[in-house]
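Notes for the structure review
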Amino acid sequence: MSAAVEHRGPAPTPAVLAPFARAGGRALMLGHVHPDADVLGTLLALGQALETRDWRVTYGGPHAAPAALGFLPGVDRYRACAAIEGALDVTVLTDCPNPQRTEGLIDQARRAGGLVVNIDHHPDNRRYGDVNWIDVSASATGEMVYELLLALGWPLTPAIATNLFTAIHTDTGSFRYSNVTERTFRIAAALVAAGARPALVSEWLYERRAPDALAWLGEALRRVELSDDGRLAWLALPAGALPERFIESEELVNYPRSVVSVRVACLLREQGDAVKVSLRAKGDVDVQRIAAQFGGGGHANAAGCTLAGGLGEATPRVLAAVRAALAAAPGGGRPVP
Ligand SMILES: [Mn+2]
């Protein structure tokens, strides 16, 4: 991959634009396992823009889109797939730091021909594409695909704007996190001008709970635990404690994170013979480094990993790693004022 092109920064270079410059072609918008709104919104937006330029576009990945994101325009065309069929000119991956997260689909896409374009904002991106555009200053890959469409001079339809707005909305925690910049708001404003409707997106994302969800939420919140110094909060969910569809539809890790003294929050979720861990921080500790100790990754303030075994083994290992990171952080050992 020595001939691969790498670009870091907000504006796409000619090398990033080149794969899309031809008039028509065959493109695959390839998602990774358990795609979220940043993945889906950007793949749909870029694919829809290509379709207006006479490209034939397919959308898919190892898993289907979650039901909660069924409102994204065009998401019905995104399919769970085990095999890539036909020839390709371009395969695009967004928000995917590690090609293994495609469960082998990227290898099939390479055999189908064409360039692999890797668009991401994760600092631990593996640079696996033929073209790698990695901008860690972007709050979401939604910002990057906006910049890409702008540079290509392609118009934003309301559907494209809604997909990109939702990508940015979710990756910034509704424009609340430290990844939000002036650029985030400028792009959001342009997307609203192009037809995205913020109140409707918020309603779709946050005001469509199932009638039984509040009772399950109460059950989940009762399980939140807080360390003696108040800096660490965690929620450990044994297998079967709560319905899968409920867990998938909530960002449960945000509740332990919301406690005033908490600097790091963890959600530990037992699934089969493994534990999925979500880590969130408020800027004191780089949780990506903690996740990396267990083979995971992510961002400084939001990361995840999976540990083999049950909660009984995984919980003390993860909490010990977080405590060590907190103790090493500036002011980490001090009690909370
Ligand atoms: Mn993202």
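As for the pattern of salt bridges
Under the counting rule described, the total for this entry stands at 16 salt bridges. A salt bridge links Glu 248 to Arg 269; its shortest N-O distance comes to 3.1 Å. One end of the pair, Glu 248, is in helix α9 (residues 244-249); the other, Arg 269, is in strand β10 (residues 264-271), and 21 residues separate them in sequence. Among the residues examined, Glu 248 registers a relative accessible area of 46% and is labelled partly exposed. Linking Asp 284 and Arg 263 is a salt bridge whose minimum nitrogen-to-oxygen distance equals 2.9 Å.

Regarding the coordination of the manganese ion
The protein atoms donating to the manganese ion are Asp 38 (OD), Asp 95 (OD), His 121 (NE2) and Asp 171 (OD), with metal-donor distances spanning 2.1 to 2.3 Å. Written as a sequence motif, the donor residues of the manganese ion are D-x56-D-x25-H-x49-D. Of this pair, Asp 95 sits in the loop between β5 (90-94) and α3 (105-111) while His 121 is found in the loop between β6 (115-120) and β7 (131-134), placing the two residues 26 residues apart along the sequence. In this structure, Asp 95 and His 121 share a single accessibility class: buried.

Describing the domain arrangement of the chain
Interface size, as often reported, equals the accessible area lost upon joining of the parts. Segmentation of the chain into domains returns domain 1 (5-206) and domain 2 (213-328). The gap between the C-alpha centroids of domain 1 and domain 2 is 27 Å. The interface of domain 1 with domain 2 comprises seven residues on the first partner and nine residues on the second. Buried surface at the junction of domain 1 and domain 2, summed over both partners, amounts to about 660 Å²; 41% is from carbon and sulfur atoms. Sorting the residues of domain 1 by area buried against domain 2 places Pro 123, Asp 124 and Tyr 177 first, and these three jointly supply 51% of that buried surface. Summed over the shared surface of domain 1 and domain 2, the result is zero salt bridges. Inspection of the domain 1/domain 2 interface yields four residue pairs in polar contact (both at pLDDT 80 or more). For the side of domain 1 that touches domain 2, the per-class residue count stands at two nonpolar, four polar and one charged.

Rules of the game
Residues numbered from 1 in each chain as written. Predicted model: local features only at pLDDT ≥ 70, side-chain atom pairs only at ≥ 80, totals over all residues. Heavy atoms only, no water. Salt bridge = Lys/Arg side-chain N within 4 Å of Asp/Glu carboxyl O. Helix = DSSP H or I, 4+ residues; strand = E, 2+ residues; numbered from the N terminus. Buried < 20%, exposed > 50% of the residue type's maximum accessible area, 1.4 Å probe, protein only. Donors = N, O, S within 2.8 Å, 3.2 Å for Na, K, Ca; no water. Domains from an automatic or database assignment. Contact = heavy atoms within 4.5 Å. Buried area = accessible area lost by both parts, 1.4 Å probe. Polar contact = N/O pair within 3.5 Å; in protein donor to acceptor, adjacent residues only side chain to side chain. Nonpolar A, V, L, I, M, F, W, Y, C, P; charged D, E, K, R; others polar.

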